[in-house]
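# Examination of the molecular architecture
Spelled out from the first residue to the last, the chains are:
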Amino acid sequence: MSTQHKDDALLEASRVRPTLPPLYKVLLLNDDFTPMEFVVDILQRFFRKDREQATRIMLQVHTHGHGVCGVYTKDVAATKVEQVLHYAKAHQHPLQCVMEEN
Ligand code: TYC
């Protein structure tokens, strides 16, 4: 198959089936100091979880070391991480939040 033909086929495939943007998980990490109630509040405030979902995720982090708060595009995930770290720092808690490609 000619190079030109392959290029045309690739172009056609991307036109018909546009690729989805990469998604990122936002994770909370466990520590020994941040109060459980503060973590539940974070999950409700920044990740729009109800109290039951927030409590479940907080306990997952507390028990297993990390837990997924949500999955977002890169910019949204980065903003969530920034908001959580800023809010935790303002309240003098060492809570850590990271993002990781899904
Ligand atoms: N391990 C904390 C405690 O016992 C609670 C906690 C949960 C902290 C989740 C951080 O992301 C976290 N107070």
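Anything mentioned here points back to the structure above.
Computed from a prediction, not measured in an experiment: that's the story for all the values here. (Residues numbered from 1 in each chain as written. Predicted model: local features only at pLDDT ≥ 70, side-chain atom pairs only at ≥ 80, totals over all residues. Heavy atoms only, no water.)

### A word on helix H2 (residues 36–47)
Between its first and last C-alpha, H2 extends 16 Å over twelve residues, near the 16 Å set by a 1.5 Å rise per residue. All of the buried residues along H2 are Phe38, Val39, Val40, Ile42, Leu43, Phe46 and Phe47. Among the structural elements, strand S1 (23–29), helix H3 (51–64), strand S2 (66–73) and helix H4 (74–90) are those in contact with the buried residues of H2. (Helix = DSSP H or I, 4+ residues; strand = E, 2+ residues; numbered from the N terminus. Expected span 1.5 Å × (residues − 1). Buried < 20%, exposed > 50% of the residue type's maximum accessible area, 1.4 Å probe, protein only. Contact = heavy atoms within 4.5 Å.)

### Details of the site of the ligand
Near the ligand, the surroundings consist of Leu28, Leu29, Asn30, Asp31, Thr34, Met36, Val39, Met58, Val61, His62 and Leu95. Between a nitrogen atom of the ligand and a main-chain N or O atom of Asp31, the distance comes to 2.7 Å. When isolated, the ligand has an accessible area of 350 Å², and the protein chains bury 89% of it. Mapped onto the shell around the ligand, the elements with two or more residues apiece are S1, H2 and H3. Counting residues per element, the shell around the ligand draws most heavily on H3, at three residues. Its residues assigned to classes, the shell around the ligand comprises seven nonpolar, three polar and one charged. (Near = heavy atom within 4 Å. Polar contact = N/O pair within 3.5 Å; in protein donor to acceptor, adjacent residues only side chain to side chain. Areas by Shrake-Rupley, 256 points an atom, 1.4 Å probe, with all protein chains shown as cover. Nonpolar A, V, L, I, M, F, W, Y, C, P; charged D, E, K, R; others polar.)

### Some thoughts on the packing of H2 against H3
Axis angle and axis distance: for two packed helices, these are the angle between their axes and the distance between the axes, and together they describe the pair. Closest axis-to-axis distance for the H2/H3 pair is 8 Å, and the angle between their directions is 125 degrees. The angle between H2 and H3 places the two elements in the oblique class. Viewed along their axes, H2 and H3 form a crossing whose handedness is right-handed. Facing H2, whose interface residues are Met36, Glu37, Val39, Val40, Leu43 and Gln44, H3 presents Arg51, Ala54, Thr55, Ile57, Met58 and His62. Here the residues of the contact of H2 with H3 sort into seven nonpolar, three polar and two charged. (Axes fitted to C-alpha atoms, helices over the stretch in contact; angles between N-to-C directions. Parallel < 35°, antiparallel > 145°, perpendicular 65-115°, else oblique. Left-handed = near helix turned anticlockwise from the far one by under 90°.)

### Let's talk about the pairing of S1
Where S1 and S2 come together, seven bridges link them in antiparallel fashion. If you follow Lys25 over to S2, its bridge partner there is Val71. Across six bridges, the pairing between S1 and strand S3 (residues 96–101) is antiparallel. Across the sheet, residue Leu27 finds its bridge partner in S3, namely Val98. (Pairing = 2+ DSSP bridges.)

### Section: the environment of His62
Structurally, His62 is set in helix H3. The spacing of His62 and Asn30 is 32 residues in sequence and 5.5 Å in space, taken between C-alpha atoms. Not counting residues up to four positions away in its chain, the partners in contact with His62 are Asn30 and Met36.

Bear in mind that shape data such as this cannot, by itself, settle questions of function.
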